[in-house]
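So the chains spell out like this:
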Amino acid sequence: MKNKLFIFDIDGTLTDSVPMYLMSVTRSLAAMGISNIDTDYNNYKHHSDSYALRYNYERNFKETAPESLLDDFENDLIDQMNTFNEVKEIVGARSLIQFFRNKEIPFCFATGALPKPAKIKLEQCDIWYDEQILSTSKTHESREGFVLNAIEQAKEFYNKTEFDQIISVGDGVWDLKTAQNLSLDFIGIGNNNKEALVQKGAQHCFSNIQEFQNSLTSLF
């Protein structure tokens, strides 16, 4: 069996949190004093919290965002999230992660969210995680940056020098583009963006998590 690593996106892949979280981001940007907010998040250069803050701050104030603002933004995101109902898992997500743990299949998480919101979403869905294999946009604005960081974290966590195959698992076109840019294999989850993913070159897409997990049983 090949030495594989699976990298999981969180929002929309494991947690049903996208609409709520984008609304929280918009409200938090406003709380940072930004009035001219570009809410066309899907067309951002980088689909990440840290980029959303810097891009909108510099667009609004025509100056560099203070470094300390990212921490303020992260903390306000928690306050905004608390005004919504608890996040629900994408059906099967908790079971899938437990399957990976039981089978001792290396995996990690890479998300455009900041650490505190990411952890809250996973915790509210009772999805197991370890901070050592959770890579976020706190250190990298670009998805390529935090995905590469996730790979390095996974090598250390699993005591591996390399992985023979690295598979990105996500629901968004940005997840696919990142995998393509980094020459990683990709698996699409869910029907929301399935047609767009296939059109842009995704070769392996599953309608739901259970289908994906079923496909793994013969491999592991």
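Keep in mind it's a predicted model, so treat the numbers as computed, not measured.

Colleague: Explain the pairing of strand β7 (residues 185–189) to me, please; I cannot follow it from the model alone.
Modeller: Every regular strand shows the same layout, with side chains that alternate between the two sheet faces. Burial runs high along β7: four of the five residues are buried. For strand β6 (residues 165–170) and β7, the ladder comprises four bridges, and the chain directions are parallel. Its bridge partner lying in β7, G170 is registered against G188. With two bridges joining them, β7 and strand β8 (residues 205–206) adopt parallel strand pairing. Counterpart to G188 in the pairing with β8 is C205. Read as a crossover between parallel neighbours, the route from β7 over helix α8 (residues 194–199) to β8 is right-handed.

Colleague: Which parts of the structure should I look at to understand the environment of K116?
Modeller: Within the element layout of this structure, K116 appears in helix α5 (residues 115–124). Classification of K116 as partly exposed rests on a relative accessible area of 38%. Considered as a pair, K116 and I78 are 38 residues apart in the sequence and their alpha carbons are 7.4 Å apart. Residues contacting K116, with those up to four places away along its chain left out, are E74, N75 and I78. A distance of 2.8 Å separates a polar atom in the side chain of K116 from a polar atom in the side chain of N75.

Colleague: Would you explain helix α2 (residues 49–61) in this entry?
Modeller: Spacing of three or four residues puts side chains on the same side of an α-helix, whose turn is 3.6 residues. With 13 residues, α2 ought to run about 18 Å at 1.5 Å a step, and its terminal C-alpha atoms sit 18 Å apart, in line with that. Within α2, burial applies to D49, S50, Y51, A52, L53, N56, Y57 and N60. The inward-facing, buried residues of α2 abut α1 (18–31) and α3 (69–81).

Colleague: Honestly, unusual backbone geometry in this entry has me stumped. Any pointers?
Modeller: It is generally the case that most residues other than glycine have a negative phi and that most peptide bonds are trans. Although it is not a glycine, D126 adopts a positive phi angle of roughly 55 degrees. Relative to the assigned elements, D126 resides in the loop between α5 and β5 (134–135). Look at S183: it is not a glycine, yet its phi comes out positive at around 60 degrees. Mapped onto the elements of the fold, S183 is located in the loop between α7 (173–181) and β7. Note on S183: relative accessible area 69%, which makes it exposed.

What counts and how
- Residues numbered from 1 in each chain as written.
- Predicted model: local features only at pLDDT ≥ 70, side-chain atom pairs only at ≥ 80, totals over all residues.
- Heavy atoms only, no water.
- Buried < 20%, exposed > 50% of the residue type's maximum accessible area, 1.4 Å probe, protein only.
- Helix = DSSP H or I, 4+ residues; strand = E, 2+ residues; numbered from the N terminus.
- Pairing = 2+ DSSP bridges.
- Right-handed = clockwise from strand over helix to strand, strands pointing away.
- Contact = heavy atoms within 4.5 Å.
- Polar contact = N/O pair within 3.5 Å; in protein donor to acceptor, adjacent residues only side chain to side chain.
- Expected span 1.5 Å × (residues − 1).

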